[in-house]
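Report on the structure
Residue-level listing of the chains:
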Amino acid sequence: MAGRRRALIVANGEYDNAGLQRLGSPAADADALAGVLSDRAISDFEVRVVRNETAHVVQAEVEDLCAEGRPDDVLLLHFSCHGLKDDSGQLFFAARNTRPDRLRSTAVPAHFVQQCLKQSRSRSVVLLLDCCYGGAFGQGVAVRASGDANVLDSFRGGRGRAVITASNSIEYAFEGARLAEGGVAQPSVFTSALVEGLRTGEADRDEDGWIALGELYEYLFDRVRERNPKQTPSRDIEMQGELYLARSRRRRVKPSPVPADLAAAIAAENPFTRLGAVAELRRRLTSANLEVAVGAFEALKMMSSTDVQHVAEAAQEALGRAAVRVDPPAVRLAAAPGSVVVETVRASGPPVAREVRFEASHAWIQVVETADGAELSVMAGESGVRRGKVVVTGLTGETVVAVEIETVPEPEPEVVPEPVAEPEPEVEPAVADVVAEPEPTVEPAVAVLPPSPEPVVEPEPAAAVPAPEADPAPEPGAAARKAAAVDPAGWFAAVTAFVGVVLVVTGMFLEYRHGYLLGQYRPGMQQVVTFVAACALLGVVLTLVPRTRARTGPAVLLGAALAAVFGLARFLGEATTLSQPYEDSGLAAGFTLELLGHIALVAVAPGALTVLRRNPADALRAAKVEGRTAWAVIALGVTIAAGWITQLVELTVYDSDDGGRAAAYFVLGALLAVAVTGAAAILRPAAVGRAVLAVGIAALAGVMVPTFDAIQEHSSLTQTGQVIAAMALVVLAIVAVVQSVRARRNQPIGRQP
């Protein structure tokens, strides 16, 4: 089990003793360091900050951190305060109650910290010291310390320990118990560089996506020396193996070479073979493996610049999917003078397009990179408009986010006039407050007589209505002979369905577009077409068999027609999208046959409905939804639709381009699920509803294939919606089987199916 990552930041900048100058940087540095260490996308430490506490509180926190450490834990301890040495050379860290002339009782001994670190069970302990060191003597002794403070000597020993100090030279000189003049507190160069290196990832020198402890020290050394040549960070690292403190977005990705067979297809003489290679490279471009994606990007880039026009255009279109894009593309803000406004910018596209870095053009634009983009903190000026930019650089290119902030004056507070007290009106004394009540009026008594009985009128006898003459009984066997004959509408439906099946099956084996078959150009659609064609062919056979031609056969054809609406809408959308004025859509014979075949399958519906409505035994009709099973079927259909819509939303948020391309599968599949289950619940006789439901379930199973194919390249998607839809479809199939078995057992002998 992976260990915990725990950090303790001790920041003491305020002191009770006047001899210790107040430091302004520890408080700000503690906030910045805590923010970057606790960021789950960077360091993912559990951070505790101790601010301006007394020595005994700091010692208790340090001991707790070390004593609770487990072998696999990573512990980080950071001190930002004054560092003092006594007459014997012992190092102490100043706390709020520290007195320079009473260090042993009022400061935190370095020896105490060393013992805590050595006795901790954790095998990975890092100590960062951002302290100013000086000699402190008794009151009235004027000494200026100089030379090396030998800080690391206080923390020698122990395996799996690392100490990095901000400086090994004395920054402040003391006169007695007071800091010498000229020792003005400056912002901490060391901690600022530490935060910057972790947050931006610049400390990742080898660009492998991780910031190791050694890399961090090298970065700190260079940046601190660059800003203050008089300050030299030091280190003492005794670690077995590398200790990684943070993740980095500065990852250098080495392109993975394309497989040999794909390389051969790229170099083939046949342009259609090269188009097939473009399709495979487009798929590899969306891979979560960045090396594979970058290798595909380089190959597509070469083909877009060297191949013939239609192949180069296909390669350029594929490259556009991996272009660096951010949302919003421009940031325009307004704020009061000196105010800071935070705006979030998110990278979009496949994983290779989201591997980006952000660089601001001006200091008034601060960038904090996040897992999916960056947060821009933009400060308004004193007046006017500030204009800058943030350059977003990725593995596949770069883009620029224009940043503009307008300074608007703060609204002046409205002066509300104080209300003027109006003189209260004088109240005149009431003349008479009591109003005489009127005396009650006595009405004369009226005798109430009982109502006289109404005369009873006997109803006249109703005129006798002659009973309608009964229809002559049908001749025995007439209905059977009528059912045995094939209805002309049934013949039309069966022949049309057979023609549609032949067309769609043939279309699957002919070129669809740019040398691709249907299954290659639109993965998953071949399975949908196969399922619908199989159901339609079954309906043709059942419509021609005497025993099932009156109900079951037409019902199956009706379900197949309803399922074929999915494919028809998909192919019509293809034709509309790809047909541009004065341009060749590239759609070939396979597409034409698929479109005509689905038109024929949908045209089967009127004939099937006509046969079902003419059934002499039990004509087709719609009724109210009755029974728990019918409502369960509807609920399962809605669940399937909700699952697909949920999956589409997640895919669109992850990659808007792929979401747009796959929207037809998810939306049309959701509509088909609702339509099939709704029709099955309201159609009567119930046998027709069961047949429609069975065909619909088969078609929905086919739709599962392209929807799964649309998300399989995105390994980071949860696929929750797709799983919900699949489970609901399985339950729906079980319900349909149970319904059919029960209906079969309860069916009278000899009844027409």
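Here's what I pulled together on the structure shown here. All of these numbers come straight from a predicted model, not from anything done at the bench.

Quick look at the overall build of the protein
What the protein contains, in helices and strands, is 22 helices and 22 strands. In the protein, which comprises 753 residues, the share counted as buried stands at 44%. Sequence separation of 24 or more characterises 73% of the internal contacts of the protein that already satisfy a separation of 6 or more. Counting every atom, the protein has about 39300 Å² of accessible surface; 57% of that belongs to carbon and sulfur.

As for the packing of aromatic side chains
Applying the stated rule across the entire model yields eight aromatic pairs. Taking the centre distance of 4.4 Å and the plane angle of 15 degrees together, the rings of Phe-79 and Phe-93 count as stacked. With Phe-79 in strand β3 (residues 74-85) and Phe-93 in strand β4 (residues 91-93), the pair connects residues that are 14 residues apart, well separated along the chain. Each member of the pair, Phe-79 as well as Phe-93, carries the same accessibility label: buried. When the ring of Trp-210 is compared with that of Tyr-244, the centres are 6.0 Å apart and the planes differ by 55 degrees; the resulting orientation is tilted. Separated by 34 residues along the polypeptide, Trp-210 in strand β10 (residues 208-212) and Tyr-244 in strand β12 (residues 244-251) bring together distant segments of the chain.

Describing the pattern of salt bridges
Using the criterion set out here, one finds 21 salt bridges in the structure. Note that Arg-70 and Asp-73 form a salt bridge whose closest N and O atoms lie 3.9 Å from each other. Residue classification places Asp-73 among the buried positions, given a relative accessible area of 1%. Taking the shortest distance from any N to any O, the salt bridge between Asp-101 and Arg-102 comes out at 3.8 Å. Take Arg-102: its relative accessible area is 42%, and that puts it in the partly exposed class. Put simply, Glu-196, Glu-202, Arg-223, Glu-226 and Arg-227 are held in one network by salt bridges that share partners.

Brief notes about the packing of helix α20 (residues 656-682) against helix α21 (residues 686-711)
Between α20 and α21, the least distance of the axes is 9 Å, while the angle of their chain directions is 165 degrees. On the basis of the axis angle, α20 is roughly antiparallel to α21. Relative to α21, α20 is oriented so that their crossing is left-handed. Contacts between α20 and α21 involve Ala-662, Tyr-665, Phe-666, Gly-669, Leu-672, Ala-673, Val-676, Thr-677, Ala-679 and Ala-680 on the former and, on the latter, Gly-689, Val-692, Leu-693, Gly-696, Ala-699, Leu-700, Val-703, Pro-706, Thr-707, Ala-710 and Ile-711. In the contact of α20 with α21, the residues fall into 16 nonpolar, five polar and no charged.

Side note on the sheet that holds strand β19 (residues 385-394)
Strands sit in the order β14-β20-β19-β16 across an open sheet of four strands; the sheet is mixed. Each edge of the open sheet carries a strand with a single partner, namely β14 (330-335) and β16 (356-360). Going from strand to strand, the sheet's axes swing by 20 degrees on average, the running direction of each strand aside. Both β19 and strand β20 (residues 397-407) contribute to a ladder of ten bridges, which runs antiparallel. Bridged to Gly-388 within β20 is Val-403.

A closer look at a nonpolar patch on the surface
Taken together, Ile-645, Val-649, Val-653, Val-667 and Leu-671 make up a surface patch of nonpolar side chains, about 450 Å² in accessible area. At the level of secondary structure, the elements contributing two or more residues to the nonpolar patch comprise α19 (628-654) and α20. Counting residues per element, the nonpolar patch draws most heavily on α19, which supplies three residues. Take Leu-671: it is sitting in helix α20. Of the residues examined, Leu-671 reaches a relative accessible area of 55% and is grouped as exposed.

Here we look at the sheet that holds strand β17 (residues 365-370)
With antiparallel pairing, four strands are arranged side by side in an open sheet as β13-β15-β18-β17. Looking at the sheet topology across the chains shown, the edges are occupied by β13 (325-327) and β17. Neighbour-to-neighbour, the strand axes of this sheet turn through a mean angle of 30 degrees, independent of strand direction.

Overview of unusual backbone geometry
Following Asp-327, the chain continues to Pro-328 via a peptide bond in cis, the omega torsion being 5 degrees. In this structure, Asp-44 takes a positive phi of about 60 degrees despite not being glycine. Take Asp-44: it is sitting in the loop between α1 (25-38) and β2 (46-51). Take Asp-44: its relative accessible area is 31%, and that puts it in the partly exposed class. Its identity is not glycine, yet Asn-52 carries a phi of approximately 50 degrees, on the positive side.

Things to note about helix α13 (residues 488-507)
Taking 1.5 Å per residue as the helical rise, α13 with its 20 residues ought to reach 28 Å, and the 29 Å between its terminal C-alpha atoms agrees with that figure. Those residues of α13 not exposed but buried are Ala-489, Gly-490, Ala-493, Ala-494, Thr-496, Ala-497, Gly-500, Val-501, Val-504 and Gly-507. Packing partners of the buried residues in α13 comprise α15 (525-544), α16 (552-578), α17 (589-602) and α18 (604-613).

What counts and what doesn't
Residues numbered from 1 in each chain as written. Predicted model: local features only at pLDDT ≥ 70, side-chain atom pairs only at ≥ 80, totals over all residues. Heavy atoms only, no water. Helix = DSSP H or I, 4+ residues; strand = E, 2+ residues; numbered from the N terminus. Buried < 20%, exposed > 50% of the residue type's maximum accessible area, 1.4 Å probe, protein only. Contact = heavy atoms within 4.5 Å. Areas by Shrake-Rupley, 256 points an atom, 1.4 Å probe, with all protein chains shown as cover. Phe/Tyr/Trp six-rings, centres within 6.5 Å; stacked < 30°, edge-to-face > 60°. Salt bridge = Lys/Arg side-chain N within 4 Å of Asp/Glu carboxyl O. Axes fitted to C-alpha atoms, helices over the stretch in contact; angles between N-to-C directions. Parallel < 35°, antiparallel > 145°, perpendicular 65-115°, else oblique. Left-handed = near helix turned anticlockwise from the far one by under 90°. Nonpolar A, V, L, I, M, F, W, Y, C, P; charged D, E, K, R; others polar. Pairing = 2+ DSSP bridges. Patch = residues over 30% accessible without salt bridge, like charges linked within 9 Å, V, L, I, M, F, W, Y side chains within 5 Å. Expected span 1.5 Å × (residues − 1).

Coordinates in, geometry out; function isn't part of it.
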